[in-house]
Structures are given as structure tokens and as C-alpha cells.
Amino acid sequence: MSTVAQQPPAGAEARAQLEERLERHWGERPSLRSWFTTVDHKRIGRRYVVTAAVYFTLAGVEASALRTQLARPGQRLLSAEEYDQLFTLHGTAMIFLFATPMLFGFGNFLVPLMLGARDMAFPRLNAFGYWIFLFAGLIMFSSLLAGDAPDGGWFAYVPLTTRPHSPGIGLDVYALGLLFFGVSTTAGAINFIATALKLRAPGMSLNRMPVFVWAIVATSFMVIFALPPLNLANGLLFLDRRFGTHFFDVGRGGDVLLWQHLFWLFGHPDVYIIVIPALGIVSAILPTFARRGIAAYPLIVLSLVAIAIVSFGVWVHHMFATGLPRLSLSFFSAASLLITIPSGIQIFAWLATMWLGRVVVGVPMLFVLGFLVTFVLGGFTGVMFGLVTFDQQVTDSYFVVAHFHYVLFGGAVFPIIAGLYYWLPKMTGRMFNERLGRWAFALVFGGMNLTFFPMHVSGMLGMPRRVYTYPAGLGWDAWNLLSTVGVFVLAAGLLLVLGGLLYAIRRGRPAPDDPWGGDTLEWVASSPPRPYNFPVIPRVRSLHPAWDGRTAASLAELDSFRTLEEGRRTPVTSELDGRYEWAAEMPEESIRPFVTAVGLLVVVIGLLFRWYWVAGLGGLLAAGTIAGWLWPPERTPEEAAAS
Amino acid sequence: MLRAHRYVRLVFRAPPPVVTVGRRFPKGGGILRASRRVRPRYAAGAAVIAATVLSGCGGGSPSALDPAGPGARRVEGLWWLLFWISVGVFAVVLTGVGWALARRRRRGEVRRGDATRFVVVAGAILPFFVLTGVYGVGLDDMSALTNPPAGAEPVTVDVTGHKWWWEVRYPATGAVTANEIHVPAGTTVRLRLRTADVLHSFWVPQLMPKTDLIAGRINETWLRADKPGRYRGQCAEYCGLQHAHMAFMVVAQPKADFDAWLARLTGPAPAPATAAERRGLQVFEQGTCAACHTVRGTAARGTVGPDLSMVGARWSIGAGAAPNDAGHLGGWIANSQTVKPGNAMPPQPVPAADLPDLIAYLRSLR
């Protein structure tokens, strides 16, 4: 239904020539080598999505094991050790190895397409980030196979996680693994910011940038400010554990609350680092299925930015029970309540969009509706946790487990599944089966609520979180059994999602370029997009370029500054107004990102097992490769003059 | 409750969205088909069920909604306020979603317009007033929970968290016990909380919200039980392997009973009365037990494990790991690692002939 396809080509022959030339510069011949060297943001984005989905499945299997252990009081299916490792890895993997990379995967695939660019600003950095993410996940999960996974909970409070209380290698895996993973997230964030600010199609001023891209940019700024405290915390923890420093050793003047401050200064923004891109997905899908543009676009964008800023001022609400002074509690309580307002604005903007439009309930929209209902419930309990005394009563109980699963499953997983269905045609060129999708939604929605709603009750009834077993007779039995039943319904639903998507990829009908009638530029590209995304870079004149006849007209004009067929080039535009500035030469595929990532992996493994000379060699490999990577290319004087 | 109703009414009174009929956006491809109607009423139903269940809970459950003291009662009030506001707002959102779905088959144009005024009023201004009100209530509750209500001279108790048990001391008399805090009903009890190792959290849902035990610091809280009774508490901060078995019992007694209990705990432990108990004491003092445990008035003065001067009267063995009866006690002594894996007490090589005497002696300490 693309408006482009209907346009008569401006000289079919010229167009074919253009595409052939672009193919020569951008095409990658499929080979084993290209598997390791690719810098195509679409391939990398798909890899992020697939890898994150694999880690999600593993972490989900862990969760099912945990719930099975808790089905009845006093079960002995899992030992305390196993239970502690499983719940720690479940949380750590879901937060770090699933949610953020999955959303970065969407970002990688979609941001250049939505902006009308041919790749990310730093394609090789992008490839590098993926490999680091893959390796960090492998390290984390392999520690479970070795029987010594981290077991300090995903926020790893000291002193439990210092060497005297956790002598194994598990917490070293945690600290080093997260430091290692942070490299990937930071690289990705820098890349998104540069791409969104400099590579927008001519005419796409900031106020015409899609909400999803705004969400990714807001998230990226948060990543850049939130990760340093986490990295610092993990660095200090590793120094304490390995080299006997005393940052967290109260006997020697250290402070255990330092860890909590550093961790939550990262940790609370991280909740929004996960939720904001998911809200961006909702703002991309919902208008398409309401058959009109999003209502209150400026307010939605301002809300995202406001959340990104205010979220750095609420971390202490994770520490309300630690005995801090009342004045600071009242400040952070106010901030924690305030931060719900931008979310409220978005909820009502979506409602208004649906009212003014005409809703079509396709499978992606079903998951968006599921998101609305569950995320709002998670928001209510979020407000409750902003109130100091209520927080002190139910924090660290199953009530908080229920709360953050409503926020993270409702607020992130539902939009992610919606996004998978919505962009599957674009990512793979295949359509999925609607009926299967509806069944999957029913099971996931029912299973999710059956799993997590009873936890509100068991928490209220006094059940603390992170217990590997509990006695009968405290009123907790039935609620736990319900949760466990729910987890299996949920698992069946998720399997149906997975099965439906895999079936679509293998057997699905070929997808048209624009199956839904979306308003953003990715629907102007073919399904799946060509390696260069757009033969002609569109000229953007409104917030809804794919619905704008002028966009289609601009695609028919073969302006040389928007075709850029001489070499691998994409236009660079001004930060605010999107005025054309110059054409950037984009790097070709390279093995260096992979080799650098392997070098860093060797460093991490060397540090982990105290093979410091191995770590040194890995460091040399990485540093040497980076030097070669950054070495200025040799150019003839004519080439230099031309660029 | 009142506030929730007002909020719902105000939302419905919001000015209608500003709309202008304009250019039509292109319609979607043929793939989108209208579906049967979704009825997202499940969660509302669940909320109602939860409300019914929660308010009816009691008997045996350490429920935060079955408060037995002024601290927890205050929080219970806050919860119901928040609950009803949430129900109200949720009803608004569900109605909004339902309306959008109900209208989707209507004829006519898709409307343009940005609904900015509506979004600002419904999404920002109304929530701001509600949140401000709630915040005020929250601040009030916070002061109420910081300062215990006035009354009789408070009793002070020092509680120290260990992996994985609670050491309980009464500094006024020097009495020591474990995993059990006896308090006089109707009297405020000041608690000074510290930890010997990792972080723990002190939580008695029916009496008082949590306060963490922070290494290197002393945190203070208080509680008051209105009536005599037993109120279960449990460590709420993950503290390692046996976090699940770090429960305790607050036993509220009439003042006279409490005083008698405290006096018994202050003097020497009951002397063994039978021959078996006497042999048991001998085993206790001469075997490995005394290296870690104290029994007042005997040669056993170990300080690594819990004080056992009144162990026979305690509500459980191993901070909730097993019921306190002869069979479980024997099993615990022989090999507590099967009951509570990872706890600090190694399996004890007590000869089979001595074990019944040792059990008899420990059971007599009440």
C-alpha cells in the first residue's frame, strides 16, 4: 500500500541503473566471512532481536523453575543454592540481556529507516556493540552451567556480595559481566544520538522526528548518564573482591549504603531505559491502528524527555527502609509521585488518538491494548511505592514483585511483542498468521495476569520476596499455586508467539511494503529493505511522511544529492532543522569490530580466572585492532579534495 | 474513597477534544480486519475479588491488612485510600479503551485535531491534584510512624540480625533470647536494630513496616501491639542461602505476664530436675554445644549461636526452619544441615545414647 509503489518510475531505466550502482556499493555477498564482518544496521538489528529473544527464553525457563519450586509450601525441587542462582540470573538476564538489547535491536533496525538514512552514524561501532552484547550474555549464562552463577540478586547488595560472604566466582562474573556489557550499551547509545541528530533525511526537522526515535534518543541520553554509576559500583565491588580494597567494608571505613546509592542511581533510570523505548513502540503502532496521526505529539515528546530527566531524581525510593533522614525521604517521595504525570499524559494522548481515530484491532494492536491495561495497573502500584510508609510496608515483599512485573512485562514485553508482529513484515518480508496471533495474545494476557496478580495478594499477606520456600498455613499457599499455574499458561502463550513468528519467517505470505498503512518512513522502503534502504533519500515535509504525497513525489526525483550513488554515502543534515549539509562516506564491512570484541572478551575471561597475562594479551589485541580501525584511510589528493 | 469519586467525575467533565474535520488519512491495506470486541474487564474483576479476599484475611496469616498495632493500621488506611483511587482511575481508563473500541465501526471521517487541552487536563492537571493530596496524606503518615504515640515509658529492645537468626536483648535487664521478641501489649517498644554480618530487614506486617539492618549503623524503629497475641515477622532483605528461614515471632503479653517472662529470662536458667536432664546438662557443658551456645547459670557461655536459656519455650527451631518438638530438636542437633542447609551449626557427633538426655534437658529450659 506504499505510495511509492504506485508512482510511475521517473525513467525506469535510470532507476534500474541507480539501484544497480547502489547495490554495487552497499550489497554484501552472503558468505561466512560477511557473517562476521557485516555493518548493515538491519542485519545487526535483527541479530540483537534474535539474541535477546534467546536470552529471554532462557531467563523465562529459569522463572518457570522458580515458580514450580514455589507451587506448594516446603517443596524441595530446587536447593536454596540453585534457587538463589536462578532468581539472580533471571532478573539480571531479563533486565540487561533481554529488555535493553531487544529494544536496541528495534532501534538499530528502525532508526535509520524511520529517519530516511542509509545506515547508523557509526556502523562499525554498531557491529562492535552487538558482539560485546552476545559475549556478555554467553559469559553470564555459562556461569550457570558451571554451577557458580551470581547469587546476590540482580542488585547485588553488599556486604552479602563481598568475598567473605560470597567467596565463589559468581559475583565476579556479575561485576565483570556487567562492566563488559556496559561497553555495548554505551556504544549503542552514542550511535543512536549521533544518528538521530545528524542523519535525518533532508526536511525532517526535530519536530517531524517520529516519537519512536525520540524515545530512543531520550533513552540513549539516559544510558550515557546512568551507566557510569553502575560501572563505578561494579568496579569498586570487583576491586574489593579481588584486590582487597575496602570501599564496602564497614570495618575499615567503607560504607554499604554507597553501593545502594550508586546502584539505584543507575537502577531507577534503568527502569525507564527499558520502558521509554517500549512507550515509543506504542506511539508508533497505536496511531497506525487508529488510522490517524498521534494526538498531542509535542506533549508526548516532552513527556519522554521529562521522564528521562526526572528519573534521575527518584532513586532513593528504593531505599526508603534503610533509615535515611525524613527530609530526604519526603523529597524523593514527591519526585517519585511526580514522575507518574508524564506517563499519565501519554496514556490520555493514546486514548484521545483512539477516540478521534477508528481503531482496527489487529494482533499488534491487541498487544498494545494489553499493554495499556497492565501498564496502568503497574503505574498505580508505582504511585503507592512513592509513598514512604506504604513502601516500607510492602517493599521486598511479593507485592513489589507483582508491581515491577506489571511495569516491565506490561510496560515493555507487551510493546515488544506488539513490535515484533508489527515490524515482522519489514524485518523479514513475511506476514504472520492473524488467528495464531490472537490465540497467543489471549494466552499471554491471561497467563501474565494470572501469574502476577496473585503476587499482590501474597505480598500483602506478608510473603517476602526471594525465599526459596515457605511454610504452609500462612495464607500464601493458594496464591502461590495460582501464580505457578499462570506461569505455564504464560509460557504456552509465549511459545505460541515464538512458533507463530518462526512459522511466518519460514512459510508466511510475502509481505507488501506497507501492510498496515503506517505513517513513518520505514513503510516507504521495500520489505525487507534493500541494503541501502532507499534508492532515493526522501525529502520530508511533515510529521507523517508516508501519508504525505509530497514524500512520494520527492522519491521520484533522482536528485544526485539524494541518490548519492557514487560510493557508500548518506546525507548529513543540520541538528535542528534537518537542512542538507554534506554527504558522509560510510564505512564498509570490516572484521575489526569482531576482533576488538574478542579481544575484550579475552580480557574479561583473563580477569575472571586470574590469568592476568591472558587479559594483557587480550587488551593488546583489542588496542591494536582499534588502532588499525581508527587509522585514517589513505586517499589520493583528488579523493581528499572531493570529500 | 471520596477523592476517587471526585476524580472520576472531573475526568468526565473535561472539555471535549478540539476537533476539526479535515483531510482524510489514507485507509489501511486489506490485511487489517475488524475483530471481535475485546473486553478488558478481567483486571477490574480481579481487583474486586482481591479487595474482598484481602479484607477478609486474618487467622494465621501475617497480613498487612489485618493490623494489630497503630503503625500497621496507619498503613492499612493509606492502602485502602490508594486502592479506591486506583479502582476509580482504572475504571476511567477501561471505559476510555472500551469507548474507543465501541466507536470503531461508526461511519464518517477519522477526526483530526490534537486534543491537547484534554490531554493536559486529564493527563497532567487532574493527576497533579490527586497526587498532591495523596502526598499530603503520605507525609502525615510518615510523621505518625516516625514518632511513636505517647503513652507509658517505652521498653527498649536491641535486635541484631545474624545469618540466619535474630538475637534479641533487653538492655534494661540483660536478658537475651533469640527469634522471639516478647513485648507488653499496649506499650510502645523501641527497637534498636543492627546486623552482625550482611543486610537484613525487620518486618512484622501486622505491627510495623520494615526497617533495614545496615552494617555499620544502628537503625531505630518502634512497634506497639494493641492486644496480646503472636505476630509473625520475617527478614525481608535478601541475606543469602537461608533468607527463607529467618522468621521470628513477636509475642505480645499482658504486662504482668511479660514482666514475669523477663524476670525468668534474667535469672539463671531452670536447673535440671530429672536424672536424664542432669545428664543432658553434662553433655551440653562438656560436649561441643557450649562452645557456641550460652545457657544462663551454667558453664556454657558460647556466643556464636543463639542463647538457649529458654529454648524449650520457643516457637520454633532455627528461626522458623522446624517446629520445636523433641523429634525435630534431635534431628537438628544430629544434622541441622538437612533442615536448614548452610547454617553455621555443623552436624554434632553426640553419641546416640546421650541424645535423648540432651533433648530432655533442652526441652526443660522453659
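Per chain, the residues get numbers from 1 upward, laid out in the order the sequence is written. Starting at A for chains and at 1 for ligands, labels are handed out in the order in which the entities are written. Residues qualify for local features only when their pLDDT is at least 70, as the model is predicted, and side-chain atom pairs are given and counted only at 80 or more; totals for whole chains, interfaces and linings, by contrast, use all residues. Heavy atoms throughout the structure, all of them, feed into the side-chain values; hydrogens and water do not.

### Some details on the pairing of strand S4 (residues 180-184) of chain B
Note the following rule: Here the term buried applies to any residue with accessible area under 20% of the maximum for its type, exposed to any over 50%, and partly exposed to those in between, with areas from a 1.4 Å probe on protein chains only. Only DSSP runs of H or I covering at least 4 residues are called helices, and only runs of E covering at least 2 are called strands; the numbering of each starts at the N terminus.
Burial of S4 of chain B is extensive: five of the five residues sit out of reach of the surface. Burial along S4 of chain B is two-sided: Glu-180, His-182 and Pro-184 of chain B and Ile-181 and Val-183 of chain B, pointing in opposite directions, are all buried.

### Comments concerning the pairing of strand S8 (residues 219-223) of chain B
Residue and element names in this part refer to chain B. The criterion, for reference: Paired strands, in this sense, are two strands between which DSSP finds at least two bridges.
Of all five residues in S8, four are buried; the element is thus mostly enclosed. Relative to S8, strand S5 (residues 189-195) is paired through five bridges, and the arrangement is antiparallel. If you follow Arg-192 over to S8, its bridge partner there is Glu-220.

### Quick word on the pattern of salt bridges
As a reminder of what qualifies: Should a side-chain nitrogen of Lys or Arg be within 4 Å of a carboxyl oxygen of Asp or Glu, the pair is scored as a salt bridge.
Considering all chains together, one arrives at 26 salt bridges over all chains under this definition. Between Arg-74 of chain B and Asp-141 of chain B there is a salt bridge, and its shortest N-O distance comes to 2.7 Å. Here Arg-74 of chain B is found in helix H3 (residues 70-102), whereas its partner Asp-141 of chain B is found in helix H4 (residues 116-146), with 67 residues between them in sequence. A salt bridge links Asp-357 of chain B to Arg-279 of chain B; the shortest N-O distance between them is 2.9 Å. Here the residue Asp-357 of chain B occupies a position in helix H9 (residues 355-364), and Arg-279 of chain B occupies one in helix H6 (residues 275-286), the gap between them amounting to 78 residues. With relative accessibility at 36%, the residue Arg-279 of chain B sits in the partly exposed group. Via salt bridges that share partners, Arg-21, Glu-565 and Glu-566 of chain A belong to a single interconnected network.

### Quick notes on the domain arrangement of chain A
Residues and elements named next belong to chain A. The condition is simple: Where each domain begins and ends follows an automated or database-derived domain assignment. Whether two residues touch is decided by their heavy atoms; if any such pair falls within 4.5 Å, the residues are in contact. Computed with a 1.4 Å rolling probe, the buried area is the accessible surface lost when two parts are put together, summed over both parts. Counted as a polar contact is a pair of N or O atoms within 3.5 Å, where, for protein atoms, one must be capable of donating a hydrogen and the other of accepting one, and residues adjacent in sequence contribute only when both atoms are in side chains. Under this grouping Gly is polar, as are all residues other than the nonpolar Ala, Val, Leu, Ile, Met, Phe, Trp, Tyr, Cys and Pro and the charged Asp, Glu, Lys and Arg.
Looking at the assigned domains, one finds that chain A contains domain 1 (279-424) and domain 2 (438-453 + 464-510). Taken together, the contact pairs 24 residues of domain 1 with 17 residues of domain 2. When domain 1 packs against domain 2, the two sides together hide about 1900 Å² of surface, and 77% of this comes from carbon and sulfur. Between Asp-396 and Arg-465 there is a salt bridge, and its shortest N-O distance comes to 3.6 Å. For the pair domain 1 and domain 2, the number of links is three residue pairs in polar contact (both at pLDDT 80 or more). When contributions to the side of domain 1 that touches domain 2 are tallied by element, the ones reaching two or more residues are helix H13 (363-385) and helix H15 (398-428). Counting residues per element, the side of domain 1 that touches domain 2 draws most heavily on H15, at 14 residues. Here the residues of the side of domain 1 that touches domain 2 sort into 17 nonpolar, six polar and one charged.

### A closer look at the interface of chain B and chain A
Often, the extent of an interface is quoted as the loss of accessible area upon association of its parts. Contacts between the two partners involve 107 residues from chain B, matched on the other side by 106 residues from chain A. Across the chain B/chain A interface, buried area totals approximately 8900 Å², and carbon plus sulfur atoms make up 70% of it. On the surface where chain B and chain A come into contact, there are one salt bridge. Among the salt bridges present, the one from Arg-217 of chain B reaches Asp-255 of chain A, with a minimum N-O distance of 2.9 Å. Linking chain B to chain A there are 20 residue pairs in polar contact (both at pLDDT 80 or more). Mapped onto the side of chain B that touches chain A, the elements with two or more residues apiece are helix H2 (42-55), H3, H4, strand S7 (208-213) and strand S9 (229-234) of chain B. Here the side of chain B that touches chain A gets 19 residues from one element, more than from any other, and that element is H4 of chain B. In the side of chain B that touches chain A, the residues fall into 64 nonpolar, 25 polar and 18 charged.

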